[in-house]
Amino acid sequence: MRFQQLLQVRRLASAGATTLMRPRPTTGTTGTTRPTTNTTAGITTTVRTMAGSGAPIPELTQITDNVQRGNYATLTDKDVAFFENLLGKNFALTEDLEGYNICFLKRIRGNSKLVLKPGTTAEVSAILKYCNERKLAVVPQGGNTGLVGGSVPICDEIVLSLARLNKVLSVDEVTGIAVVEAGCILENFDQKARDVGLTVPLDLGAKASCHIGGNVSTNAGGVRVVRYGNLHGSVLGVEAVLANGQVLDLMSNFKKDNTGYHMKHLFIGSEGTLGVVTKLSMLCPHSSKAVNVAFIGLNSFDDVLKTFVSAKRNLGEILSSCELIDERALNTALEQFKFLNSPISGYPFYMLIETSGSNGDHDEDKINQFIGSGMERGEIQDGTVTGDPGKVQEIWKIREMVPLGLIEKSFCFKYDISLPLRDFYNIVDVMRERCGPHATVVCGYGHLGDSNLHLNVSCNEFNDEIYKRVEPFVYEYTSKLKGSISAEHGIGFLKKDYLHYSKDPVAIGWMRDMKKLLDPNGILNPYKVLN
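Presented here is an overview of the structure given in this document. Quick caveat, the model's predicted, so the values are computed rather than measured.

**Observations concerning helix H5 (residues 121-134)**
Right, so step 1: In this model, H5 (14 residues) spans 20 Å end to end at C-alpha, consistent with the 20 Å of a helix rising 1.5 Å per residue.
Right, so step 2: Among the residues of H5, those classed as buried are Thr121, Glu123, Val124, Ser125, Ile127, Leu128, Tyr130, Cys131 and Asn132.
Right, so step 3: Where H5 ends, the next residue or the one after it, Lys135, has phi of about 60°, a positive value.

**Quick notes on the sheet that holds strand E10 (residues 276-283)**
Right, so step 1: Pairing is antiparallel across the open sheet formed by five strands, whose spatial order is E6-E7-E10-E8-E9. Every other strand in the sheet has two partners, leaving strand E6 (168-171) and strand E9 (247-250) as the edge strands with one partner each. Taken over all neighbouring pairs, the strand axes of this sheet differ in orientation by 10° on average, direction set aside.
Right, so step 2: Relative to E9, strand E8 (residues 235-241) runs antiparallel, the two being bridged by four bridges.

**Notes on the packing of aromatic side chains**
Right, so step 1: For the structure on display, the rule yields 20 aromatic pairs.
Right, so step 2: With centroids separated by 5.6 Å and ring planes inclined at 10°, the aromatic side chains of Phe295 and Tyr350 adopt a geometry described as stacked. Of this pair, Phe295 sits in strand E11 (residues 290-298) while Tyr350 sits in strand E13 (residues 349-357), and the two are 55 residues apart along the sequence. When sorted by exposure, Phe295 lands in the same class as Tyr350, which is buried.
Right, so step 3: Aromatic side chains Phe413 and Tyr467 sit 6.5 Å apart centroid to centroid with 15° between the ring planes, which places their arrangement in the stacked category. Here the residue Phe413 occupies a position in strand E15 (residues 411-418), and Tyr467 occupies one in helix H16 (residues 464-470), the gap between them amounting to 54 residues.

**A few points about the pairing of E6**
Right, so step 1: Pairing of E6 with strand E7 (residues 177-181), which is carried by three bridges, proceeds in the antiparallel orientation. Bridge assignment links Val168 to a residue of E7, and that residue is Val180.
Right, so step 2: Following E6, the chain reverses through five residues before pairing antiparallel with E7; Gly176 in that reversal takes a positive phi of roughly 80°.

**Some remarks on the state of the cysteines**
Right, so step 1: Within the structure shown, the criterion is met by zero disulfides.
Right, so step 2: In this model Cys435 remains outside any disulfide bridge; the closest cysteine sulfur is found in Cys459, 8.7 Å from its own.
Right, so step 3: Residue classification places Cys435 among the buried residues on the basis of a relative accessible area of 0%.

**Topic: the side chain of Lys117**
Right, so step 1: Assignment of secondary structure puts Lys117 in the loop between strand E3 (115-116) and H5.
Right, so step 2: As a buried residue without a salt bridge, Lys117 has its nearest oppositely charged side chain in Asp96, at a separation of 11 Å.
Right, so step 3: Engagement of the side chain of Lys117 in a polar contact is seen with the side chain of Tyr100, the distance being 2.9 Å.
Right, so step 4: Beyond its immediate sequence surroundings of up to four residues, Lys117 is in contact with Leu87, Phe91, Leu93, Tyr100, Ser161 and Arg164.

**Quick look at the nonpolar core**
Right, so step 1: Of all hydrophobic cores here, the largest spans 56 residues; its most connected members are Met351 and Ile427.
Right, so step 2: Setting aside residues up to four positions removed in sequence, Ile427 forms contacts with Ile417, Leu419, Leu453, Leu455, Val474, Tyr477 and Thr478.
Right, so step 3: Grouped together as the second largest cluster of nonpolar side chains are 34 residues, Leu87, Ala137, Val276 and Leu494 included.

**Describing the pairing of E7**
Side-chain positions along a regular strand alternate between the two faces of the sheet.
Right, so step 1: Along E7, five of the five residues are buried, which leaves the element largely enclosed by surrounding structure.
Right, so step 2: Burial of E7 is two-sided: the residues Ile177, Val179 and Glu181 facing one way and the residues Ala178 and Val180 facing the other way are all buried.
Right, so step 3: Where E7 lies against E10, five bridges are found, and the strand directions are antiparallel. For Ala178, the partnering residue across the bridge sits in E10 and is Met282.

**Quick word on the packing of helix H12 (residues 327-336) against helix H14 (residues 389-407)**
Right, so step 1: Closest axis-to-axis distance for the H12/H14 pair is 8 Å, and the angle between their directions is 80°. In terms of axis orientation, H12 runs roughly perpendicular to H14. Taking contact as the criterion, the partners of Ala329, Leu330, Thr332, Ala333 and Gln336 in H12 are, on H14, Ile398, Met401, Val402, Gly405 and Leu406.
Right, so step 2: Split by residue class, the contact of H12 with H14 holds seven nonpolar, three polar and no charged.

**Describing the sheet that holds strand E5 (residues 158-161)**
Strand pairing in a sheet is mediated by backbone hydrogen bonds. Such pairs are either parallel or antiparallel.
Right, so step 1: Here four strands make up an open sheet; going across it, the order is E2-E3-E5-E4 and the pairing mixed. The sheet is open, and its two borders are formed by strand E2 (92-93) and strand E4 (138-141), each paired with just one other strand.
Right, so step 2: Here H5 sits on the sheet in contact with E3, E4 and E5, set at roughly 165° to E5.

**Some remarks on the environment of Val138**
Right, so step 1: The residue Val138 is located in strand E4 in this model.
Right, so step 2: Residues Val138 and Leu160, 22 residues apart in the sequence, show an inter-C-alpha distance of 6.6 Å.

Rules and cut-offs
- Residues numbered from 1 in each chain as written.
- Predicted model: local features only at pLDDT ≥ 70, side-chain atom pairs only at ≥ 80, totals over all residues.
- Heavy atoms only, no water.
- Helix = DSSP H or I, 4+ residues; strand = E, 2+ residues; numbered from the N terminus.
- Expected span 1.5 Å × (residues − 1).
- Buried < 20%, exposed > 50% of the residue type's maximum accessible area, 1.4 Å probe, protein only.
- Pairing = 2+ DSSP bridges.
- Axes fitted to C-alpha atoms, helices over the stretch in contact; angles between N-to-C directions.
- Phe/Tyr/Trp six-rings, centres within 6.5 Å; stacked < 30°, edge-to-face > 60°.
- Disulfide = S-S within 2.5 Å.
- Lys, Arg positive; Asp, Glu negative; His and termini not counted.
- Salt bridge = Lys/Arg side-chain N within 4 Å of Asp/Glu carboxyl O.
- Polar contact = N/O pair within 3.5 Å; in protein donor to acceptor, adjacent residues only side chain to side chain.
- Contact = heavy atoms within 4.5 Å.
- Core = buried A, V, L, I, M, F, W, Y, C linked by side-chain atoms within 4.5 Å.
- Parallel < 35°, antiparallel > 145°, perpendicular 65-115°, else oblique.
- Nonpolar A, V, L, I, M, F, W, Y, C, P; charged D, E, K, R; others polar.

On their own, these measurements won't tell you what the molecule is for.
See the structure below:
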């Protein structure tokens, strides 16, 4: 369809979705030769597996992964009595703790006997001071939606739940600065911001249950990093409690504050190993008046790259998301969730491109011109564009359900990596060849605008043959391309043995020194990040 025809159809159907049609391709992608990497033999590591959502309760991780418990004290009745006196019995839980002990993907299971739910920073301080003096290990926990086992106990650590620190303390419409407690659910925070015309610059599939403090502690990425950057830029300040109970006030209400070391960055992405974030201030941009989403089909990854460059060049200031889904990932989600409806099908690659701006007519013209030009060049084959809020949500739901579709009824090895864009998808083809018939699905999707690929290898049940083929190969391959073994999920427990593939030994040494300085007894989130 030519651009003028496309524009006319778009204007006539501005309240709904417009489908851009081109004859379906009769051939798929052509085969290409990919680089290979030799896997180093003899490395003993924790089995990195992701169970399906319907998986049974896993065995204790301390046993299955042969974890040597640290030299920590054992919880006593006297300890429990102290915490009950401090918080009240309703907030010092000793029963029905399964949900706090098992990670979201049912891969990790700890054996904590106590969950503490403080309601103030002072209570967090008192808890950590006591635990540090007693040498009781503690694992901070938010919404427990992480994918690397960073928010659950490995042995018998006390769980420190931040769920009661859930208030949005202030949202300033003039400055765009919000102050919020760490246990506030991301979606609730965003709603409070939207009530005054702002938006939280972070959007995740788990937004209905993840906590903003957990997001900050893991430096969560999400789907709009291409527009707003990551949390190191959006978070203006934090309040954190150190292992000895000392409260570190690093709050700020200014973007410009050049008063010495910016210590807030120590707690953004350190996964609760250096301190417990209890409060933060964040710069929230004004919410966009006009949002458009395009869902397009492409024949090759080369066309994907060309379309991405075109989006950056021609959509520029209104581009807010650029996501990639391959055909296998999309089809798996559609098979598992019958309520999903993809507006197009039959293409090797799909892109979800979102624009957000203040002028609907301007934005509409730009995205139509962008897509029309891509179709004329033969890079975009088919697609749909919509500015209707309901249709926008329907298309985003497809993207959000892809990762869940892959674990719904299968066992899945999941990898969150950053790769150079020119090599972004090659590893998916390499893994298909390496795994062969042992895998049921090998696919890739992710945040193309941030060079962040989510590589998935699925099988009916855990398969040791696949495990040996994927690890540590995936990390060696990523390291050779100077990529990152963890783009946005963190290191946690599952990737600690592989940190050296992305970090220089000198840097890891300084990380250890920082940990010893701030947490000399090692009570904060042990067995995580640093091996």
